[in-house]
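Notes for the structure review
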Protein chains: 2
Amino acid sequence: MGEVLRGACVIGQSGGPTSVINASAYGVIRTALDSDVITKVYGAAHGILGVMNDVLYDMGKEDPAELELLLHTPSSALGSCRYKLKDSEIDDSDYKRILDVFKKYNIRYFFYNGGNDSMDTCNKISKYMQKVGYPCNIIGVPKTIDNDLLGTDHCPGFPSAAKYIATSCMELYLDARVYDTGMICVLEIMGRHAGWLTAASSIASYFGMGPDLIYVPERVFEIESFVRDVQKVYNETGKCIIAVSEGIHDANGKLIAQMGSDELKTDAFGHKQLGGLAATLADILKEKTGAKVRGIEFSLLQRCAAHCASEVDVQESFLAGKAAVEFAVSGVSDKMVGFERSSNEQGDYVCKIKLMGLTDVANAEKKLPPEWINPEGNNILPAFVDYALPLIQGSPKIVYENGLPRFSRLKKVRAE
Amino acid sequence: MGEVLRGACVIGQSGGPTSVINASAYGVIRTALDSDVITKVYGAAHGILGVMNDVLYDMGKEDPAELELLLHTPSSALGSCRYKLKDSEIDDSDYKRILDVFKKYNIRYFFYNGGNDSMDTCNKISKYMQKVGYPCNIIGVPKTIDNDLLGTDHCPGFPSAAKYIATSCMELYLDARVYDTGMICVLEIMGRHAGWLTAASSIASYFGMGPDLIYVPERVFEIESFVRDVQKVYNETGKCIIAVSEGIHDANGKLIAQMGSDELKTDAFGHKQLGGLAATLADILKEKTGAKVRGIEFSLLQRCAAHCASEVDVQESFLAGKAAVEFAVSGVSDKMVGFERSSNEQGDYVCKIKLMGLTDVANAEKKLPPEWINPEGNNILPAFVDYALPLIQGSPKIVYENGLPRFSRLKKVRAE
């Protein structure tokens, strides 16, 4: 437990952006601006790099209406980074620099908004400040579309990406089956180590408009059984839609995405394939089945489609940021805000805020529960749908202007 | 001018589906079901193939609420086809078959919902029925995301695809620029012969969140000047987003998408590229600039994203179908319904229905006006934005269930 401090706060955003990371930032910024003990609210340009480079924005100089638009503005409005802090025992120069900037602006609150790696950064800074005896309450605010942070029921960002994926799968299902000819479609979905996002395609399947087969990195991917699975569905129905995680790999852990179709084909008359996993698998299936095969990569679209966000996610993301500030000003430090799933008297889903030790979440990874994957390893079971459905509810309250979303435009006034 | 006839009608959908082709179908079906002179309303399975194969659905057997959901259900609910009728002078067997089925069901109204090729089909059937003296009022209902039908201000389907593209470009703009490192992004957009859809990305640019460079098939694509354009923007800003039509081609008309990066590179140390145009161009730019380059293909998503449709498009598509039936029962035949742009007393956009001869629209193509492309051939001018903005207004009134769009599920009861 840290102290109740009077001073400035800084918020940084880090790692891959999401549709709702700005909703969390707004939760932090709005609550901090309204706080009695927080004297100034700074935004760090490009995460911890903004602190180290002394590029801080004065969030009090922003138009409150523009700040509120952050609720539905995708990507990281303050800019992001993928900078990894060294171990302070080996090289503490970054930490000294951060401490200098903290002292310069009398920063007594630090909020870091990101995934696994960002929680590692947050944890390291927290431990360093404790070691050197600089009073500063430090709280991590989670985000990641990958949903792989340990100890929290789910992560802000995941529900919106899941909703976009399930919605797009339904639409593609209808589109791809429109002709009376054979059709195979391979959908490539993000997730290097965990299959949460790819599993989201099963929500569409549950309602009769989704993939026939789903492959996640929690299981070893075998090209022969994959081709056999697809051929079986295709022979029976003339159509097959397949969802694959970008992170599927062979028994040695080698990514399928890093192999050419040459390497994957038993009959090697092929060519090097650079167009990504979906294109590689489509190429193989084309040759094996003779069908019309299309590979579609959801790419960045799945993490920035704020127009198709889950309003539950938007509100929870905001609350995570708000709670972080409320805990910090009440003296809490060295924690990450997390979510606990609960229900009200009517049995409806309720999300409760909890706290976790930064050390416990930093660098750990949460995978799909094995019992949610079917024994054949080519589909997701309905238990996942039960888990995911409450999270993807509600349409985002986007402000439209000229028929397009009116996203936030911050002035980004440099701190003095 | 045809006769006022009493009898059944059939509607068929043909060509690539869109987010709103079902809204037009609903316009036809609902209006026909409510008509006094139309005795039965049939839907043809997979367009004209459904007529030839005698696979017709009795639309009167559908739940009216499910039919209404067609307004916001993407793809062609009746199924589509890409079947090209032969010239009846050379081989009239298809036409005889169609006439037999028309006689069997006493079909006196035929509505065909599609793009250029479908209007060709519609026109040929219309002329054949005239020739053999079978009274049947035949009207084409336009649809195409490509917006390339002649004589109409715009085509149902284009505004929704344009809205999805502009919205996604804004979201990708924010996402792709999030790090403080160099970034180049190539967006591949549909449009083989006309650049209307790719030009839609310029709406995002107009509001400050879109591509820096835009290439359409109306201009010859030169790889050297393309690389030079990109390098210039990238050197100045460290970022560059580029939108390209799938149909960009060299001076000989050869599609860039059909060339490998080998063929395109002056220094040929490369490899054959199968991942599509965006991947090919990304590969080239990676080598020329050393930057992180990402290729993103909007693929089928851009034509089926009903969740991001333009409500103006939904309503106009419905009206096109409704008008087709109203004209037909009043005796009009051998026409396609088209749109004329007008304005009311307040100067606001108004869409008026007009009629065009099927012969005049069949197989013709409308390209982007040359004066809407900048002299350098690497961007789109604001005149396009003025044209497109009224079309992309309004959010679709999607019915949601379980957090996902509730798309129509037809029973498809076979006609007796």
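So, how was this worked out
- Residues numbered from 1 in each chain as written.
- Chains lettered and ligands numbered in written order.
- Predicted model: local features only at pLDDT ≥ 70, side-chain atom pairs only at ≥ 80, totals over all residues.
- Axes fitted to C-alpha atoms, helices over the stretch in contact; angles between N-to-C directions.
- Helix = DSSP H or I, 4+ residues; strand = E, 2+ residues; numbered from the N terminus.
- Parallel < 35°, antiparallel > 145°, perpendicular 65-115°, else oblique.
- Left-handed = near helix turned anticlockwise from the far one by under 90°.
- Contact = placed C-beta atoms within 7 Å.
- Nonpolar A, V, L, I, M, F, W, Y, C, P; charged D, E, K, R; others polar.
- Pairing = 2+ DSSP bridges.
- Domains from an automatic or database assignment.
- Core = buried A, V, L, I, M, F, W, Y, C linked by C-beta atoms within 7 Å.
- Buried ≥ 20, exposed ≤ 12 C-beta atoms within 10 Å, placed from the backbone.

Pairs of packed helices are described in terms of their axes, by the angle between the two and the distance that separates them. Residues and elements named next belong to chain A. Two numbers describe how helix H1 (residues 21–33) lies on helix H13 (residues 311–329): the axes approach to 7 Å, and their chain directions differ by 40 degrees. On the basis of the axis angle, H1 is oblique to H13. For H1 against H13, the interelement crossing comes out right-handed. Mapping the contact onto sequence places Ala 23, Ser 24, Ala 25, Tyr 26, Gly 27, Val 28, Thr 31 and Ala 32 in H1 and Val 314, Ser 317, Phe 318, Leu 319, Ala 320, Gly 321, Lys 322, Ala 324, Val 325 and Glu 326 in H13. Of the residues that constitute the contact of H1 with H13, the class distribution is eleven nonpolar, five polar and two charged.

Residue and element names in this part refer to chain A. With mixed pairing, the seven strands of this open sheet are ordered in space as E3-E2-E1-E4-E5-E10-E11. Looking along the sheet, the strands with just one partner apiece sit at the ends: strand E3 (56–58) and strand E11 (349–357). For this sheet, the mean inter-axis angle between neighbouring strands, taken without regard to orientation, is 30 degrees. Strand direction decides the pairing type here: strand E1 (residues 7–13) and strand E2 (residues 38–44), joined by four bridges, are parallel. What sits directly across from Cys 9, in E2, is Val 41. Against the sheet, H1 makes contact with E1, E2, strand E4 (107–114) and strand E5 (137–142), and its axis sits at roughly 175 degrees relative to E1, the strand it touches most.

Residues and elements named next belong to chain A. For chain A, the assigned domains read domain 1 (7–145 + 307–364 + 394–405) and domain 2 (158–304). For domain 1 and domain 2, the distance between their C-alpha centres works out to 35 Å. Every contact between the two is made by 14 residues of domain 1 and, on the other side, eleven residues of domain 2. In the side of domain 1 that touches domain 2, the residues fall into seven nonpolar, six polar and one charged.

Grouped together as the largest cluster of nonpolar side chains are 288 residues, with contacts concentrated most on Cys9(A), Tyr42(A), Leu187(A), Cys9(B), Tyr42(B) and Leu187(B). Sequence-distant contacts of Cys9(B), defined by excluding residues within four places in its chain, comprise Ala32(B), Ile38(B), Val41(B), Tyr42(B), Ile107(B), Tyr109(B) and Phe111(B).

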